[in-house]
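Chain by chain, the residues run as shown.
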Amino acid sequence: MTQIKQIPDQNPSTTFKLASSLSLAVAISAAMASPAMAQQGDTPEIEEIQVISTSRRPENLSDVNASVAILSEEALRLVNHTHIQEAANRLPGVNINRNNGQESLASIRSPVLSGGGACGAFLMAEQGIPLRAAGFCNVNELFDSHSENAERIEVIRGPGSAFYGSNAVHGMINVVLPRAGTGNDVSLELGPRGTLRGNARIGFGEDFKQTLLVNGITEEGYRADSGYDQQKATWLYETTLDNGVNLDGGIGITNLNQETAGYVVGTDAYKDDDLRKTNPNPEAYRNNRSLRAWTRISYTLDSGWDVVLTPYVRDADLDFIQHFLPGTPVEQNKHRSAGMQFASYKDLGEQRTLSVGMDLEFTEGSLLQQQDMPTTGSAFLVNTIPAGKHYDYEVDATQIAPFVQYEQYWDNGFDITLGLRFERINYEYDNKMIAGRTKEDGTPCGFGGCRYNRPADRDDTFGNLAPKLGIRYQINDSHDVQFRVTRGYRAPQATELYRLQNDQNVADLDAVEIDSVELGFNGNQGRMSYEAVAYFMDKENEIINDSDRINLNNMHTRHRGLELSGAYEISQQLQLSGSYTHARHTYENDRLSDGTNLNGLDVVSAPRNFGSLQLQWQPTSSLLTELQWVAMGEYFTSPDNMHEYEGHDVLNLRTRWDAREDLTLSLNILNLTDTQYAERADFSAFGGDRYFPGEPLRAFLSVDWRFR
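So, how was this worked out
- Residues numbered from 1 in each chain as written.
- Predicted model: local features only at pLDDT ≥ 70, side-chain atom pairs only at ≥ 80, totals over all residues.
- Heavy atoms only, no water.
- Helix = DSSP H or I, 4+ residues; strand = E, 2+ residues; numbered from the N terminus.
- Buried < 20%, exposed > 50% of the residue type's maximum accessible area, 1.4 Å probe, protein only.
- Phe/Tyr/Trp six-rings, centres within 6.5 Å; stacked < 30°, edge-to-face > 60°.
- Lys NZ or Arg CZ within 6 Å of the ring centre and 35° of its normal.
- Disulfide = S-S within 2.5 Å.
- Pairing = 2+ DSSP bridges.

Enquirer: So, unusual backbone geometry: which residues are in play, and what are the values?
Expert: At Arg193, a residue that is not glycine, the phi angle is positive and equals roughly 55°. The residue Arg193 is located in the loop between strand S10 (184-190) and strand S11 (196-204) in this model. Look at Arg193 and you get partly exposed, because its relative accessible area is 22%. We note that Phe447 has phi near 55°; this positive angle belongs to a residue other than glycine. Residue position: Phe447 is located in the loop between strand S21 (414-431) and strand S22 (452-453).

Listed below in structure tokens is the structure:
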């Protein structure tokens, strides 16, 4: 019998052990610091940070009972990311895999999930509005956000609050744009392989404030036939009417034209200097267009209720070659939505607050998958994956979700948050082809039937109730402890329900539910700030995509972990910050995959250890340099835990120099030691080990001009 390989909990790589030890030292040193140190210096910055992700209106981060991590505008300007992974992975619990170009796979307190519906585990939003409609997510949807011009990025780890529902299972990323009327700056960046990027923020107006955000980039790509062009533009406005009603909103559009490079195949192929530059799928591409428009209407009633209404519309259109599938079919999916977010807030006195609201959304979506050329390969693949149309369907979806949240504060340091959200989503599915496992013309496939299975017309409805409980105790002015019990959920995505494979049965799918318990401790002592959070999550009805891209339905998984983060001001010139995550994600039910029972094994693409350290040196007020250490532990690449990726360590160096009051020069050197590593490692039963290679040593030079 072949022995299944195990990754020992206490044996990370030598370099990663040092990274985790330094992160741990930040938290331990702060916890042991003298309470008297809290009286030194100014009020800690954490007291001033505003967040909107938990309640849709600004709150002090210090008042929020949630695992929220913030990427500030200062941090975003320093990182100056061309891909959101470069910034987001600085945070605890966050492990976004960058695929090719602007593609990505998300992970927040979870494995790196893949497959058509995997994106349903995360709520990706901009200005608090989901980037995609409930039931119509896309694993790469973060490229719809205008993160390059964000004022900050907020990440909630774990199930979302009562204000957010379906898809906020493992966490939420919310991109917050600048206030209208702010900023006047233009930047230009040059990089390797013809990389050219322009960025602008122009603000104007007094009574009717406006800001225009523009970002564009072109890159030839490190690998053959892997260049892309991307443009984003957002118009923001804000005004107050004579009756005291405040209006703010905007219109955002994005466009991406990408030549996609597929996996390089073969054990450790990412280490081969020649192979890692190749593209086995030069025909692959991805074209994406999106539009969103919204207006937030805020006013106060005579009864004391603060009311916020946010109507919005969105339009998303994506077409690409599925180069990762036999036969490389083309997929075209699109959806249009109109929705309304309603929330009202009332101060009940005696430190009590009540929030009541409802979300409504109506969506029209469609998907077409077709293959132009016959499949090549084994007789099984040739006979089960025919040319022609595989799927052609339309889905109308209706979402309604009332919610309520109550908060109570006491003078003895305790406060409690109680939330409840009910969400109902209905799908009306219309199949435009012959139902069943046949070819487009109805003739049968060999080997028992075609791979692709089309259900007949049907309606499906899912309803979920999600309670939330948060208790916090403020130990003193600088420390508090938090305890949370929450439930997250998501309805199956349309692709999981109606793009079936082999003998899958749509009736087997239920809404995914996760129960989460977490205990957090955070605070600050003099020059230190820190957070430590331990969590346990149990997930039922999980839909997992295995290495053969077959859905494993009704899966049971468990997720437990420890997240440490902190910052320490060594001196006026030096600051150390870091985050470290140790987690274990396992299958918890009997299920065979390639003849192996998965029960108790690690979920695929789930590193047990990862994190980063940043050492910042600011010798003068105009010069800032940061050395960053990004560490990734080893992880399994197949559900049977027979194949693994060894992990990596990468160094990045970033420098900003304010040459004048209105002029800044920046130099970012990524992969400083030219390490050979994989951005993502995977295993396929058809092709074996495969990788998206990480890019080698590279430098980006930019100039930023601020004007009035």
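Back to the text.
Enquirer: So what about the packing of aromatic side chains? Which residues, and what values?
Expert: Evaluated as defined, the whole model comprises 18 aromatic pairs. Relative to Tyr691, the ring of Tyr270 lies with its centre 4.8 Å away and its plane at 65°, an arrangement referred to as edge-to-face. One end of the pair, Tyr270, is in the loop between strand S15 (264-265) and strand S16 (285-300); the other, Tyr691, is in strand S39 (residues 688-693), and 421 residues separate them in sequence. When sorted by exposure, Tyr270 lands in the same class as Tyr691, which is buried. Measuring from centroid to centroid gives 5.3 Å for Tyr635 and Tyr645, while their planes differ by 55°, and the two rings are tilted. Here the residue Tyr635 occupies a position in strand S34 (residues 635-636), and Tyr645 occupies one in strand S35 (residues 644-645), the gap between them amounting to 10 residues. Residues Tyr635 and Tyr645 agree in their burial class; the two are buried. Aromatic rings pair up to connect Tyr393, Tyr427, Tyr429, Phe462 and Tyr498 into one cluster. Across from the ring centre of Tyr164, 5.0 Å away, lies the NZ or CZ of Arg56, which sits over that ring. The ring of Tyr345 carries the charged tip of Arg57 above its face, separated from the ring centre by 4.0 Å.

Enquirer: Can you tell me about the state of the cysteines, naming the residues and giving the values?
Expert: Under the criterion given, the structure shown has two disulfides. Disulfide pairing places Cys119 opposite Cys137 at an S-S distance of 1.9 Å. Around the S-S axis, the bridge from Cys119 to Cys137 shows a dihedral of about 70° and counts as right-handed. On the criterion of sequence distance, the pair formed by Cys119 in the loop between strand S5 (104-105) and strand S6 (122-126) and Cys137 in the loop between strand S7 (129-130) and strand S8 (152-157) is long-range, its members being 18 residues apart. The exposure class of Cys119 is buried, given its relative accessible area of 6%. By relative accessible area, Cys137 is classed as buried at 12%. The disulfide partner of Cys445 is Cys450, and the S-S distance across this bridge is 1.8 Å. Disulfide Cys445-Cys450: torsion about the S-S bond near 75°, hence right-handed. With respect to class, Cys445 is no different from Cys450; both count as buried. The connectivity of the disulfide bonds within the chain can be written as 1-2, 3-4, using the sequence rank of each bonded cysteine.

Enquirer: I'd like a description of the sheet that holds strand S38 (residues 678-684), backed by residues and values.
Expert: Strand order in the open sheet formed by three strands is S15-S39-S38, with antiparallel pairing between adjacent strands. The sheet is open, and its two edges are formed by S15 and S38, each paired on a single side. Taken together, the six bridges between S38 and S39 define a ladder with antiparallel strand orientation. Residue Ser684 lies in a different strand from S39, and its bridge partner there is Gly688.

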